[in-house]
Amino acid sequence: MKNAENKKYDYIVVGSGLFGAVFAHEAKAHGKSVLVVEKRPNIAGNVYTEKIEGIDVHIYGAHIFHTNNKRVWRYITQFAEFNRFTNSPVANYKGELYSLPFNMYTFNKMWDVVTPEEAEARINQQRSEITAPPRNLEEQAIMLVGRDIFEKLIKGYTEKQWGRDCSELPPFIIKRLPVRLTFDNNYFNALYQGIPIGGYTMMIENLLDGVEVRLNTDYLEHKKELDTLAEKVIYTGPIDAYFGFRLGYLEYRSVHFETELLDMPNFQGNAAVNYTDRETPWTRIIEHKWFQFGKDEQGNDLPKTVISREYSSEWKPGDEPYYPVNDEKNSQLFERYRQLADMESKVIFGGRLGQYKYYDMDQVIAEALNCCDSEFGIN
């Protein structure tokens with residue numbers, strides 16, 4: 001790299017998703033010069049939303065903001081007003097509908113029980129088949145909710161999601177599954193929850209207000225030239241791609257979507273319906289208008305609807321990486337890449353892809369703010 005006085009920017013930020021946008025905003029606020037480079041034709045990364053017939057469509061899948069982190073909530077609500085959306089998905093098993101997360105409505109439908117005591121007794125009866133510490137996801141799920149719920153509401157969905165049999169998946173994947181002996185359909189046990197009014201893209205636009213952004217620019221293709229422009233790089237792309245995959249490819253699960261505009265006001269009556277049988281090829285259908293209660297920003301009813309069928313698939317180079325496969329093999333490979341990253345004194349690796357870690361949105365923002373604390377000496 002050239003001497004500092006020849007640099008045009010203090011930071012180049014690679015990627016305009018949540019991590020990159022938060023860092024870029026804070027860098028500018030602290031008097032730093034910043035360039036954001038984004039390989040897509042639009043900002044916002046995977047939280048990108050696009051208006052179709054007045055509906056904010058989540059192009060890369062449903063993003064429902066939820067957090068118990070007061071600092072994160074206070075921070076992000078500077079850039080968008082959030083509605084009061086509460087995630088209450090529905091499970092469809094061959095036409096039978098069940099409430100998610102698993103709660104008294106689910107248990108009543110499954111077993112015709114009425115009281116929490118009856119539901120707990122049924123779960124305890126079924127979990128008794130697991131007599132040793134769970135060795136895989138199937139045994140962990142049965143330990144949590146019993147055989148009936150596992151077979152109807154977990155097995156098929158999970159096997160579509162991960163492309164592997166539940167007996168081959170590690171138990172930790174399902175350990176945080178909500179199970180409640182109350183009539184509570186709120187999936188996220190979070191103090192703060194909602195969707196930005198006007199969409200996530202508008203929120204990212206507000207974060208990047210006044211920041212120079214270059215779209216359709218692949219950092220890795222122009223790395224040599226771009227690196228001469230800045231003192232430091234904030235890199236939020238795949239860590240293995242940064243190093244030219246020299247140690248091998250990290251694995252991901254990918255997702256693709258079939259999105260349709262329908263000339264009807266209501267397709268399924270809920271934002272998210274999970275299809276939990278193995279035979280239905282999609283994992284869920286999202287009906288985007290219900291993230292905003294079927295209204296436009298002026299409070300008018302929306303006459304049409306947009307749905308997205310979501311399909312999970314094995315990732316291959318060229319696909320969009322979504323979920324890191326944090327098994328032992330990939331964790332060991334990532335650790336070797338992390339050691340390489342530690343030797344890059346002028347590069348900070350951040351976000352879901354840069355750290356090869358599944359983050360919720362609030363966790364990405366918290367990580368970005370922590371990074372800013374370190375860089376700019378704030379508390």
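Overview of the structure. (Residues numbered from 1 in each chain as written. Predicted model: local features only at pLDDT ≥ 70, side-chain atom pairs only at ≥ 80, totals over all residues. Heavy atoms only, no water.)

Quick look at the packing of aromatic side chains
Scanning all chains against the criterion turns up 29 aromatic pairs. Between Trp-73 and Tyr-192 the ring centres are 5.1 Å apart and the planes differ by 10°, which places this aromatic pair in the stacked class. One end of the pair, Trp-73, is in helix α2 (residues 70-76); the other, Tyr-192, is in strand β8 (residues 192-194), with 119 residues separating them in the sequence. For the pair Trp-73 and Tyr-192, one class covers both residues: buried. Among the aromatic residues, those joined into a cluster by ring pairs are Tyr-219, Tyr-235, Tyr-242, Phe-243, Tyr-337 and Phe-349. Its end group placed over the ring of Trp-290, Lys-289 keeps NZ or CZ at 5.4 Å from the ring centre. (Phe/Tyr/Trp six-rings, centres within 6.5 Å; stacked < 30°, edge-to-face > 60°. Helix = DSSP H or I, 4+ residues; strand = E, 2+ residues; numbered from the N terminus. Buried < 20%, exposed > 50% of the residue type's maximum accessible area, 1.4 Å probe, protein only. Lys NZ or Arg CZ within 6 Å of the ring centre and 35° of its normal.)

Some words on the sheet that holds strand β1 (residues 9-14)
One open sheet accounts for five strands, arranged β9-β2-β1-β10-β16; its pairing is parallel. Among the strands making up the open sheet, the edge pair consists of β9 (212-214) and β16 (347-349). Averaged over all adjacent pairs, the angle separating strand axes in this sheet is 20°, with direction ignored. Note: strand β10 (residues 230-235) against β16, three bridges, orientation parallel. (Pairing = 2+ DSSP bridges. Axes fitted to C-alpha atoms, helices over the stretch in contact; angles between N-to-C directions.)

Considering the sheet that holds strand β15 (residues 323-324)
Spatially, seven strands are ordered β7-β6-β12-β13-β14-β11-β15 in an open sheet, and the strand pairing comes out mixed. Looking along the sheet, the strands with just one partner apiece sit at the ends: β7 (96-99) and β15.

Re the pattern of salt bridges
Counted by the stated rule, this structure contains 26 salt bridges. Measuring nitrogen to oxygen at the nearest pair gives 3.8 Å for the salt bridge that ties Glu-159 to Arg-278. In this pair, Glu-159 sits in helix α6 (residues 147-162) while Arg-278 sits in the loop between β12 (272-275) and β13 (284-287), placing the two residues 119 residues apart along the sequence. On the basis of relative accessible area, Glu-159 is assigned to the buried category, the value being 8%. (Salt bridge = Lys/Arg side-chain N within 4 Å of Asp/Glu carboxyl O.)

Things to note about the environment of Glu-53
Looking at the element boundaries, Glu-53 is found in the loop between β3 (49-52) and β4 (55-58). Taking the relative accessible area as the measure of exposure, Glu-53 reaches 43% and is therefore partly exposed. Through-space distance from the C-alpha of Glu-53 to that of Asn-69 is 34 Å; in sequence the pair is 16 residues apart. Not counting residues up to four positions away in its chain, the partners in contact with Glu-53 are Leu-261, Leu-302 and Lys-304. (Contact = heavy atoms within 4.5 Å.)

Points about the nonpolar core
Core analysis: the biggest nonpolar cluster contains 55 residues, and Phe-23, Phe-65, Met-203, Ile-204 and Ile-365 have the highest contact counts within it. Elements with a minimum of two residues in this core: β1, α1 (18-29), β2 (34-37), α2, α7 (200-207) and α12 (361-376). The element that contributes the greatest number of residues to this core is α12, accounting for nine residues. Once you skip the residues sitting within four places of it in the chain, Ile-365 turns out to touch Leu-18, Val-22, Phe-65, Val-72, Tyr-75 and Ile-76. Counting residues in hydrophobic clusters, the runner-up holds 28 residues, among them Tyr-9, Tyr-219, Ala-230 and Phe-334. (Core = buried A, V, L, I, M, F, W, Y, C linked by side-chain atoms within 4.5 Å.)

Observations regarding the environment of Val-145
Considering the arrangement of structural elements, one finds Val-145 in helix α5 (residues 137-145). Along the primary structure Val-145 and Val-90 are separated by 55 residues, whereas in three dimensions their C-alpha atoms are 17 Å apart. In contact with Val-145, not counting residues within four places along its chain, are Phe-102, Trp-111, Ile-123, Ile-154 and Val-179.

Examining α5
With eight of its nine residues buried, α5 lies for the most part within the structure. Packing partners of the buried residues in α5 comprise α3 (104-111), α4 (116-127) and α6. With a side-chain oxygen positioned 3.1 Å from the backbone nitrogen of Glu-138, the residue opening α5 is Asn-136. Directly beyond the C-terminal end of α5, a positive phi value near 90° is found at Gly-146. (Polar contact = N/O pair within 3.5 Å; in protein donor to acceptor, adjacent residues only side chain to side chain.)

What about the environment of Asn-300?
Looking at the secondary structure, you find Asn-300 in the loop between β13 and β14 (305-314). The spacing of Asn-300 and Gly-54 is 246 residues in sequence and 9.9 Å in space, taken between C-alpha atoms. Ignoring anything within four residues of it in the chain, the contact list for Asn-300 reads Gly-294 and Lys-295.

Looking at the packing of α4 against α5
Running from N to C, α4 and α5 point in directions that differ by 150°, and their axes come no closer than 7 Å. On the basis of the axis angle, α4 is roughly antiparallel to α5. Residue-level inspection shows Ile-123, Gln-126 and Arg-127 of α4 in contact with α5, the latter providing Ile-142, Met-143, Leu-144 and Val-145. For the contact of α4 with α5, the per-class residue count stands at five nonpolar, one polar and one charged. (Parallel < 35°, antiparallel > 145°, perpendicular 65-115°, else oblique. Nonpolar A, V, L, I, M, F, W, Y, C, P; charged D, E, K, R; others polar.)

Overview of the side chain of Glu-310
Among the secondary structure elements, Glu-310 is positioned in strand β14. If near-sequence neighbours (up to four positions away) are discounted, Glu-310 is found in contact with Gly-61, Val-255, His-256, Phe-257, Trp-282, Thr-283, Arg-284 and Ile-286.

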